[in-house]
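A look at the structure
In case you want the letters, here they are:
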Amino acid sequence: MANTLLALSCKQLLNNAIVRPGAAPMSSYVKTLIGKREVVGYGFNGEPNYVDRVDFPLPAIRWKEPNADILALREKEKGDWKLLSVEEKKALYRASFRQTFAEFKAPTGEWKGTIGVTLVLISCALWVIYGLKAFVYPPLPSSFSPENRAAQLRRILDLQINPIQGISSKWDYEKDDWKK
Amino acid sequence: MFRTALVRAQALVKPAARNVATSSRLLSKESTETDEQFDQRYEKFFSQQDIDGWDIRRGITDLWGHDLVPEPKILAAALQACRRVNDLALAVRILEAVKDKCGKREAEIYPWVIQELRPTLTQLGISTPEELGIHKPELHTPSVFDL
């Protein structure tokens, strides 16, 4: 029994290992996704998928599954294209492609919503800061008052802090005022 | 280092003959191909009599990878190829893609390309996107991400 199983599985493995020329590379799963749509090219990544992209303008599959109307048009397409009406040409285009360049490049207007939501969130955050300042943080220390800051500046100048290029270099000690 | 060795080994294993549209040299040197040779190479590629839809798409995709607007003679050859495989949609799509490929200078380049292609368009009966009215959005289709 075991030997038979082993032999069978070996045979299966060998069969799988041999690549048959001309065998369909597409898995049955992908086939279920694209249905009867015709695979017409490599696309952008070698998968039979449809994406409208400006950098890869020609998708790997046609957009619509062939139906009677489209097949009739395809037959007509084999003749002179001058005999096709504008509607027929458009129908042929729409059978192969989902959106035109103008359509898939059209602005979505999404930026408006994005900016709106961002501004709403920012204003919420401003109210939060306001609330924190009003109810949570203690008042600022006295060193932030204008008189105290003027006194600090005076002391910095009196100590001649940073006299070469900094603040004290801009102070005229003889006239007791800023240098003009 | 290992990668270089691999690439070399692969090059040895591969058959020497490569297709025109994708031929590239596995050298670090820059390509010495002139613009005329480049145009000729693609024109020749699209002028193959037994070209199929797959190859037209491959040639266009290769060509679109370059930072250029293809010469009208290449495009004319590509449109003729579309005629040979009876794919009008492909021809219209190529014209649309050319328009996009002109980028910011669409107003200068695209009318000139169409003017140069006019004899081919008339001969084959291809309508430009403008003539079909698809140069402006026609249908609204919601994004697949919003479904």
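Every residue gets a number counted from 1 within its own chain, in the order that chain's sequence is written. Both sets of labels track the order of writing: A upward for chains, 1 upward for ligands. Where local features are concerned, this predicted model is filtered to residues with pLDDT of at least 70; where side-chain atom pairs are given and counted, the filter is 80 or more; whole-chain, interface and lining totals use all residues. Hydrogens and water are ignored here; the side-chain numbers use all heavy atoms of the structure.

With that settled, consider helix H4 (residues 72-84) of chain B. Its 13 residues give H4 of chain B an end-to-end C-alpha distance of 18 Å, which sits within 8% of 18 Å, the value for a rise of 1.5 Å per residue. Most of H4 of chain B is tucked away: 10 of the 13 residues are buried. Throughout, exposure labels follow a simple rule: accessible area from a 1.4 Å probe, protein chains only, divided by the maximum for the residue type, with under 20% read as buried, over 50% as exposed, and the rest as partly exposed. Secondary structure counts use DSSP, requiring at least four H or I residues in a row for a helix and at least two E residues in a row for a strand, with both numbered from the N terminus. When H4 of chain B is considered as a whole, its buried residues turn out to be Pro72, Ile74, Leu75, Ala76, Ala77, Ala78, Leu79, Ala81, Cys82 and Arg83 of chain B. Lining the buried residues of H4 of chain B we find helix H3 (68-77) of chain A together with helix H2 (35-46), helix H3 (53-64), helix H5 (88-101) and helix H6 (106-124) of chain B. By this rule, a helix spans an expected 1.5 Å times one less than how many residues it contains. Any two residues whose heavy atoms approach within 4.5 Å are treated as being in contact.

Looking now at the layout of surface pockets. Here the largest pocket is characterised by a volume of approximately 570 Å³. For the lining of the largest pocket, a count of residues per class yields 11 nonpolar, five polar and four charged. Buriedness of a pocket was judged along seven lines, with at least five required to meet protein on both sides within 12 Å; pockets are open sets of points on a 1 Å grid over the protein atoms alone, cavities are sets where a 1.4 Å probe fits but cannot get out, and lining residues have an atom within 4 Å of a point. Grid points are joined across faces, edges and corners, and a volume is the space filled by probe spheres set on the points. Basically, the charged four are Asp, Glu, Lys and Arg, the nonpolar ten are Ala, Val, Leu, Ile, Met, Phe, Trp, Tyr, Cys and Pro, and anything else, Gly included, counts as polar.

Chain B puts 34 residues into the contact, and the matching count from chain A is 37 residues. When two parts are put together, the accessible area they lose, computed with a 1.4 Å probe and summed over both, is reported as buried area. Of the roughly 3,100 Å² buried between chain B and chain A on both sides combined, carbon and sulfur atoms contribute 59%. Considering only the surface of chain B that becomes buried against chain A, Arg57, Leu88 and Arg93 of chain B emerge as the three largest contributors, covering 23% of it. A carboxyl oxygen of Asp or Glu within 4 Å of a side-chain nitrogen of Lys or Arg is what we treat as a salt bridge. In this assembly, chain B and chain A are joined by five salt bridges. Residue Arg94 of chain A pairs with Glu138 of chain B through a salt bridge whose shortest N-O separation is 2.8 Å. Two N or O atoms count as a polar contact when they lie within 3.5 Å, although within protein this holds only if one can serve as hydrogen donor and the other as acceptor, and sequence-adjacent residues are included solely when both atoms are side-chain atoms. For the pair chain B and chain A, the interface holds 20 residue pairs in polar contact (both at pLDDT 80 or more). Sorting the residues of the side of chain B that touches chain A by element identifies H3, H4, H5, H6 and helix H7 (129-132) of chain B as the ones contributing at least two each. Sorting elements by how many residues they give to the side of chain B that touches chain A places H5 of chain B first, with eight residues.

Time to look at empty space enclosed by the protein. For the structure on display, the rule yields one cavity of 30 Å³ or more. The computed volume of the largest cavity comes to approximately 30 Å³. Taken together, Val40, Pro59, Ile61, Arg62, Ser96 and Phe97 of chain A together with Arg57 of chain B make up the lining of the largest cavity.

A few words now on the confidence of the model for chain B. Across chain B, the average pLDDT comes to 86, with 81% of residues at 70 or higher. For this predicted complex, the interface score ipTM comes out at 0.76, alongside a pTM of 0.72. Within a predicted model, pLDDT stands for the predictor's per-residue confidence, ranging from 0 to 100.

What follows concerns helix H4 (residues 86-96) of chain A. Helical periodicity: at 3.6 residues per turn, an α-helix aligns residues three or four positions apart in one direction. For H4 of chain A, every residue scored as buried is listed here: Lys89, Leu92, Tyr93, Arg94, Ala95 and Ser96 of chain A. Elements in contact with the buried residues of H4 of chain A: H3 and helix H5 (101-104) of chain A together with H5 and H7 of chain B.

Under the definition given, this model contains 20 salt bridges over all chains. In this structure, a network of salt bridges that share partners links the residues Glu38 and Arg62 of chain A together with Arg57 and Asp87 of chain B.

UniProt positions are given in the numbering used here, feature names are shortened, and annotations may be inferred rather than shown by experiment. On the UniProt side, "transmembrane region" (unreviewed entry) is annotated at positions that read residues 115-136 of chain A here. In residues 115-136 of chain A, the share of helix is 95% and the share of strand is 0%. The end C-alpha atoms are 30 Å apart.

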